[in-house]
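Spelled out, the chains give:
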Amino acid sequence: MTHWFHRNPLKATAPVSFNFYGVAGSPSANKICNDLRTSRARLLEMFTDTTCDPEIMKNATDTYFSLLQGFIASLDGTKQENKLRFMQNFKWTDTLQGNTPSAQQDAIFELVSMAFNVAIWHTKFASRLAGKENVTEVEAKDVHRSLKFAAGIFKHLKEVHIPRLITPAEKGRDLESRVMDTYMVQCKAEAQEVTIARAIELKHNATLIAALAFETANFYQKADHTLNTLEPECSSKWRKYLQLKQHFYMAYAYCYHGQTLLVSDKCGESIRSLQEAEKCYSKAEALCKEYRQTKGPGSTAKPSEQLFFTTLSGLIKNTLQKCERENGFMPNPSRKKRLSQ
């Protein structure tokens, strides 16, 4: 199944020279500074290189972060702060705040900002792969793996590194808890979309698919509610995406729940479930239009024209027609009793 995911832009950063005149005086110290500068530049190039894959990204990330740890890790194995941590100033923009940068003279700020970008890259890689017309089983697993990996990065940064920052994250900035939580939950929801698509492809039990779709819809609802106190000018478009996906997967849940009811000869309940699916789908369709018209970070795609969206419309319609036909064939109990007399 072809997927479509909303993506916010990557963070941008100012060049860093790592020139510590008077401090890094030895040839080996100068080499480390040169290696830091070149490995950072290479990692930044990888973010926009369409030929980059997770293995290349891992190698570039490991190279830079292993060098950066020399500015963060304690030099004597104790809890004493590394004095090199606060020697270099770093500037980064945010995915929701346009080109206005934040600056901190803190190597941990550089670590979390760069790692945040690595997580965003993995979501973009997954989106690019999932948007293909014929996604293979291996590719679907790669999409799922990248999304789960990104969610893990966001979680690790929030729990381990961000609390160590001397200057707390400003409201609405990437490193603030509401934004981090939303990215985490979105990654989980999108990974589950891949699971649902695979379950449908393998013709798994309709009850299982309905349960997965319902859980996915709840993930999107949770992500949307996490952003509801963020400034509308930077979060509205993102929220429209989360809302349309919530209603879309509620439509999926009602559709497959209706199939389960139909198998149990509960035609009336099945029809009502499919009618709810139609309502949710119509709401998702309206939100697709609102998404396109809303200004803000993200793509200018037309989600209602995507294959994943149009396929569900036909499924709901066909399943409802089948339920109505089956309901018309159901015998009238009172009539059957009169005939037997």
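About the criteria used
Residues numbered from 1 in each chain as written. Predicted model: local features only at pLDDT ≥ 70, side-chain atom pairs only at ≥ 80, totals over all residues. Heavy atoms only, no water. Helix = DSSP H or I, 4+ residues; strand = E, 2+ residues; numbered from the N terminus. Contact = heavy atoms within 4.5 Å. Expected span 1.5 Å × (residues − 1). Buried < 20%, exposed > 50% of the residue type's maximum accessible area, 1.4 Å probe, protein only. Arc of directions from axis to C-beta. Phe/Tyr/Trp six-rings, centres within 6.5 Å; stacked < 30°, edge-to-face > 60°. pLDDT = per-residue confidence, 0-100. Axes fitted to C-alpha atoms, helices over the stretch in contact; angles between N-to-C directions. Parallel < 35°, antiparallel > 145°, perpendicular 65-115°, else oblique. Nonpolar A, V, L, I, M, F, W, Y, C, P; charged D, E, K, R; others polar. Disulfide = S-S within 2.5 Å. Salt bridge = Lys/Arg side-chain N within 4 Å of Asp/Glu carboxyl O. Polar contact = N/O pair within 3.5 Å; in protein donor to acceptor, adjacent residues only side chain to side chain. Left-handed = near helix turned anticlockwise from the far one by under 90°.

Chemist: Lay out the environment of K91 with the relevant residues and their values.
Modeler: Relative to the helices and strands, K91 is located in strand β1 (residues 90–92). On a C-alpha basis, the gap between K91 and A210 in space is 46 Å, while along the polypeptide they are 119 residues apart. Leave out the neighbours within four places in its chain, and K91 touches A12, T13, A14, S102 and A103.

Chemist: Lay out helix α1 (residues 27–47) with the relevant residues and their values.
Modeler: Spanning 21 residues, α1 covers 31 Å between terminal C-alpha atoms, matching the ideal 30 Å at 1.5 Å per step. Within the sequence span of α1, burial applies to C33, L36, S39, R40, L43, M46 and F47. Projected down its long axis, α1 shows its buried positions confined to an angular sector of 150°, all on one face. Facing away from the buried side of α1 by over 90 degrees, the exposed positions are P27, K31 and T38. Residues of α1 that are buried in the fold lie against α2 (54–68), β1 and α3 (107–130).

Chemist: Summarise the side chain of H3; cite the residues concerned and give the values.
Modeler: Tracing the sequence through the fold places H3 in the segment before α1. Look at H3 and you get buried, because its relative accessible area is 7%. For H3, the contacting residues outside a window of four places in its chain are A130, G131, E193, V194 and A197.

Chemist: Lay out the packing of aromatic side chains in plain terms, naming residues and giving numbers.
Modeler: Within this structure, the stated rule accounts for 20 aromatic pairs. Centroid distance W4 to Y291: 5.3 Å. Interplanar angle 80°. Geometry classified as edge-to-face. Taken together, the residues span a long stretch of sequence, with W4 in the segment before α1 and Y291 in helix α8 (residues 267–293) at a distance of 287 residues. Y291 matches W4 in its accessibility class, with the two residues each being buried.

Chemist: Go over the environment of P27, please, and point to the residues and values.
Modeler: Along the chain, P27 falls in helix α1. A sequence separation of 136 residues divides P27 from P163, and the C-alpha atoms of the two residues are 35 Å apart.

Chemist: Run through the confidence of the model for the protein, naming residues and quoting values.
Modeler: Close inspection of predicted coordinates is inappropriate for parts of the model with low pLDDT. Summing up the model confidence of the protein, the mean pLDDT is 90 and the portion of residues at 70 or higher is 94%. Segment residues 334–341: pLDDT under 50, and 0 contacts once partners within four positions in sequence are set aside and those in other chains are kept.

Chemist: Describe in detail the packing of α2 against α3, supporting the description with residues and values.
Modeler: It is at 11 Å that the axes of α2 and α3 come closest, and there the two elements cross at 175°. Compared by their axis directions, α2 and α3 come out roughly antiparallel. Residues P54, M57, T61, Y64, F65 and L68 of α2 form the contact with α3, whose own contacting residues are A107, E110, L111, M114, A115, V118, W121, H122 and F125. Residue composition of the contact of α2 with α3, grouped by class: 12 nonpolar, 2 polar and 1 charged.

Chemist: If you had to explain the state of the cysteines to someone new, which residues and values would you point to?
Modeler: What the rule picks out here adds up to 0 disulfides. C280 provides the cysteine sulfur closest to C288, a residue in no disulfide bond, and the two sulfurs are 13 Å apart. Using a relative accessible area of 1% as the deciding quantity, one classes C288 as buried. Counting only cysteine sulfurs, C267 is the nearest neighbor of C323, a cysteine outside any disulfide, at a range of 6.6 Å.

Chemist: I'd love a proper account of the pattern of salt bridges, names of residues and values included.
Modeler: Taken as a whole and assessed by the stated rule, the structure comprises 23 salt bridges. Here E110 ties to R40 by a salt bridge, and the two come within 2.7 Å at their closest N and O atoms. Placement of the pair is E110 in helix α3 and R40 in helix α1, with a sequence separation of 70 residues. With respect to burial, E110 and R40 carry one shared label: buried. Taking the shortest distance from any N to any O, the salt bridge between E170 and R173 comes out at 3.9 Å. Owing to a relative accessible area of 12%, R173 belongs among the buried residues under this scheme.

Chemist: Describe the side chain of N8, listing the residues and the values that go with them.
Modeler: In this fold, N8 is placed in the segment before α1. At 2.9 Å, the side chain of N8 and the side chain of H6 are in polar contact. In this structure the side chain of N8 is engaged in a polar contact, spanning 3.0 Å, whose partner is the side chain of Y183. Not counting the four nearest positions on each side in its chain, N8 is found in contact with T95, L96, I120, K124, Y183, W238, P297 and G298.

Chemist: Could you give an account of the packing of helix α5 (residues 177–201) against helix α7 (residues 232–263), naming the residues involved and the relevant values?
Modeler: Running from amino to carboxyl end, α5 crosses α7 at an angle of 30°, the nearest separation of the two axes being 12 Å. Where α5 crosses over α7, the handedness of that crossing is left-handed. Contacts from V179, T182, Y183, Q186, E190, E193, I196 and I200 of α5 reach α7 at W238, Y241, L242, K245, Y249, Y252 and Y256. Of the residues belonging to the contact of α5 with α7, the class tally is 10 nonpolar, 2 polar and 3 charged.

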